[in-house]
Amino acid sequence: MSISLNPQLTAEYESLFGSCLINPAKQNEAVKIKNKIVANKAVYELVENATSVPWFVVAVIHSLEGGLNFKTHLHNGDPLSAKTVHVPKNRPPGKAPFTWQESAIDALIFDGLSGVQNWPLPVILFKLEGFNGFGYRIRHPEVLTPYLWSFTNHYQKGKFTQDGKFDPKAVSKQCGAAAILQVMVADGDILI
């Protein structure tokens, strides 16, 4: 099943983000993540300059895939000391160890984000969801992906605990992209 950013999905993203509220108990954690991202803005801008992917999109992926650890691949959080072993496997091309920047550039090119010319809100959310995969949308449409909506009013429970294994009772402990973006917008770090 192919997912495309059609008018219906565009409206869904706009509506969800517009009505998105961060869980008050998670607000401080989202702010801490945002502060760490902003402190490393110059590093993310280097990747933006090489790929045209907005620095804050790179940073949000870094938070979700590697916990903002610059010793991990942007692809999936595997250590930079070797090629990736999780999906996508055997990335980036070349010989380990890799720098965070070279691996991040490869991840964004590999996933097709570097070819995007315009980054309005629906494109940002669509590309972020796609980076993680559309498994929730395709197999469990009753759950909005925690990759975007964890820590917000749009997500309560249900999670893929590993590739292909869904647990309807599991709750994501990771701050979703929308919560991070909401804090960045509220603090004036970005305009979207």
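Structure first, text after, so check above.
Residues numbered from 1 in each chain as written. Predicted model: local features only at pLDDT ≥ 70, side-chain atom pairs only at ≥ 80, totals over all residues. Heavy atoms only, no water.

**Student:** I'm lost on the overall build of the protein chain in this one. Help?
**Tutor:** When helices and strands are counted, the protein chain shows nine helices and two strands. The secondary structure elements of the protein chain, listed N-terminal to C-terminal, are α-α-α-α-α-α-α-α-β-β-α. The C-alpha atoms of the protein chain give 16 Å as radius of gyration, which agrees with the globular expectation for 192 residues (16 Å, within 12%). By its C-alpha atoms, the protein chain is 45 × 40 × 35 Å across when sized along the principal axes. In the protein chain, which comprises 192 residues, the proportion classed as buried is 47%. The contacts in the protein chain between residues at least 6 apart in sequence include a share of 55% that link residues at least 24 apart. Here the protein chain has roughly 9600 Å² of accessible surface; of this, 53% comes from carbon and sulfur atoms. (Helix = DSSP H or I, 4+ residues; strand = E, 2+ residues; numbered from the N terminus. Rg over C-alpha atoms; globule rule 2.2 N^0.38 Å. Buried < 20%, exposed > 50% of the residue type's maximum accessible area, 1.4 Å probe, protein only. Contact = heavy atoms within 4.5 Å. Areas by Shrake-Rupley, 256 points an atom, 1.4 Å probe, with all protein chains shown as cover.)

**Student:** Just checking my understanding: could you explain the side chain of H62 for this structure?
**Tutor:** Structurally, H62 can be placed in helix 4 (residues 55–66). Among the polar contacts made by the side chain of H62, one reaches the main-chain carbonyl oxygen of N69 at a distance of 3.0 Å. Apart from the residues lying within four places of it in its own chain, the contact partners of H62 are Y44, G67, L68, N69, F70, L74 and W100. (Polar contact = N/O pair within 3.5 Å; in protein donor to acceptor, adjacent residues only side chain to side chain.)

**Student:** Which parts of the structure should I look at to understand the side chain of T145?
**Tutor:** Assignment of secondary structure puts T145 in the loop between helix 7 (135–139) and helix 8 (146–149). For T145, the side chain forms a polar contact with the main-chain nitrogen of Y147, separated by 3.2 Å.

**Student:** Can you walk me through the packing of helix 1 (residues 7–18) against helix 6 (residues 121–132) in this structure?
**Tutor:** Geometry of a packed helix pair, given as the angle between the helix axes and the separation of the axes. Axis separation between helix 1 and helix 6 bottoms out at 9 Å; the angle between their running directions is 95°. One way to sum up the angle between helix 1 and helix 6 is to call them roughly perpendicular. Between helix 1, through L9, T10, Y13, E14 and F17, and helix 6, the contact on the second element is made entirely by L121, P122, L125, F126 and E129. Class assignment of the residues belonging to the contact of helix 1 with helix 6 gives a composition of seven nonpolar, one polar and two charged. (Axes fitted to C-alpha atoms, helices over the stretch in contact; angles between N-to-C directions. Parallel < 35°, antiparallel > 145°, perpendicular 65-115°, else oblique. Nonpolar A, V, L, I, M, F, W, Y, C, P; charged D, E, K, R; others polar.)

**Student:** What should I look at first to understand the packing of aromatic side chains in this one?
**Tutor:** The geometry of an aromatic ring pair comes down to the distance between the two centres and the angle between the two planes. Taken as a whole, this structure holds eight aromatic pairs when the rule is applied. A centroid spacing of 5.7 Å and a plane angle of 80° characterise the contact between Y44 and W100, whose relative ring orientation is edge-to-face. Highlighted residues: Y44 in helix 3 (residues 41–51) and W100 in helix 5 (residues 100–110), separated in sequence by 56 residues. You can call W100 buried: its relative accessible area is 6%. Each ring, one from Y136 and one from F160, has its centre 4.8 Å from the other, and the planes form 75°; the classification is edge-to-face. Taken as a pair, Y136 in helix 7 and F160 in strand 1 (residues 159–162) lie far apart in primary sequence, 24 residues in all. On the basis of relative accessibility, which here comes to 15%, the residue F160 falls in the buried class. Grouping aromatic residues by their ring pairs yields a cluster made of Y44, F70 and W100. (Phe/Tyr/Trp six-rings, centres within 6.5 Å; stacked < 30°, edge-to-face > 60°.)

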